[in-house]
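A structural walkthrough
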Amino acid sequence: MSNARDIIIRPIITEKTMKLMDTDNKITFEVAKGTNKTQVRLAVEEIFGVKVEQVNILNCKPKTKRMGKYVGKTSAVRKAVVKLPEGQDINLFSE
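Residues numbered from 1 in each chain as written. Predicted model: local features only at pLDDT ≥ 70, side-chain atom pairs only at ≥ 80, totals over all residues. Heavy atoms only, no water.

By the element assignment, Pro11 lies in strand S1 (residues 8–11). Between the C-alpha atom of Pro11 and that of Val81, which follows or precedes it by 70 residues, the distance is 9.9 Å. (Helix = DSSP H or I, 4+ residues; strand = E, 2+ residues; numbered from the N terminus.)

This paragraph deals with the pattern of salt bridges. Pairing of side chains with opposite charge becomes possible as their charged atoms draw close. A full pass over the atoms with the stated rule returns one salt bridge. Residue Glu30 is joined to Arg10 by a salt bridge in which the shortest nitrogen-to-oxygen separation is 2.7 Å. Of the two residues, Glu30 sits in strand S2 (residues 26–31) while Arg10 sits in strand S1, which places them 20 residues apart along the sequence. Of the residues examined, Arg10 reaches a relative accessible area of 42% and is grouped as partly exposed. (Salt bridge = Lys/Arg side-chain N within 4 Å of Asp/Glu carboxyl O. Buried < 20%, exposed > 50% of the residue type's maximum accessible area, 1.4 Å probe, protein only.)

Let's shift gears to the sheet that holds S1. Spatially, the four strands line up as an open sheet ordered S1-S2-S6-S3, and their pairing is antiparallel. The open sheet terminates on both sides in strands that have one partner only, identified here as S1 and strand S3 (54–60). The sheet shows a mean angle of 30° between the axes of neighbouring strands, direction not considered. Both S3 and strand S6 (residues 77–83) contribute to a ladder of seven bridges, which runs antiparallel. By the bridge assignment, Cys60 is partnered in S6 with Val77. The strands touched by helix H3 (residues 37–48) are S1, S2, S3 and S6; relative to S3, the strand with the most contacts, the crossing angle is about 115°. (Pairing = 2+ DSSP bridges. Axes fitted to C-alpha atoms, helices over the stretch in contact; angles between N-to-C directions. Contact = heavy atoms within 4.5 Å.)

The next point concerns H3. Three or four residues apart is the spacing at which side chains of an α-helix point the same way, because the helix has 3.6 residues per turn. The end-to-end C-alpha distance of H3 is 16 Å, a good match for the 16 Å that twelve residues give at a rise of 1.5 Å each. Of all the residues in H3, the buried ones are Val40, Ala43 and Val44. End-on, the buried residues of H3 take up no more than an arc of 100°, which puts them together on one face. In H3, the exposed positions that point more than 90 degrees away from the buried face belong to Leu42 and Glu46. (Expected span 1.5 Å × (residues − 1). Arc of directions from axis to C-beta.)

Next up on the list: the pairing of strand S4 (residues 64–67). As judged from the four bridges shared by S4 and strand S5 (residues 70–73), these two strands associate in the antiparallel manner. Residue pairing in the sheet places Thr64 in a bridge with Lys73 of S5. Linkage of S4 to S5, two consecutive antiparallel strands, is achieved through a turn of two residues, within which Gly68 is found at a positive phi near 70°.

Grouped together as the largest cluster of nonpolar side chains are 17 residues, with contacts concentrated most on Ile8, Phe29, Val40, Val44, Val82, Leu84 and Ile90. Residue assignment for this core shows that the elements contributing at least two residues are helix H1 (4–7), S2, H3 and S6. Those residues in contact with Phe29 that lie beyond four places of it in its chain are Ile8, Arg10, Pro11, Ile12, Val44, Phe48, Arg78, Lys79, Ala80, Val82 and Ile90. (Core = buried A, V, L, I, M, F, W, Y, C linked by side-chain atoms within 4.5 Å.)

As structure tokens, this is what we get:
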């Protein structure tokens, strides 16, 4: 995966990730399966033009969900939590 836009799929915006953004300057992204920390670091630095201090990666397994008698599974997601140094910021809500 040579293209940075193929590695970073989308930012994950939840109450928990917003709290991490405010307190610890950490931003959570959904990343492509099979990517490593170095690839995520280089992709974030290339796309957003910031310096990355630390990267943590999580594999979230699918959950079983029911809708009446039908049973299915949610999709599996690979997340990356990126820590930025003090004074640097990524504006995810620009228009």
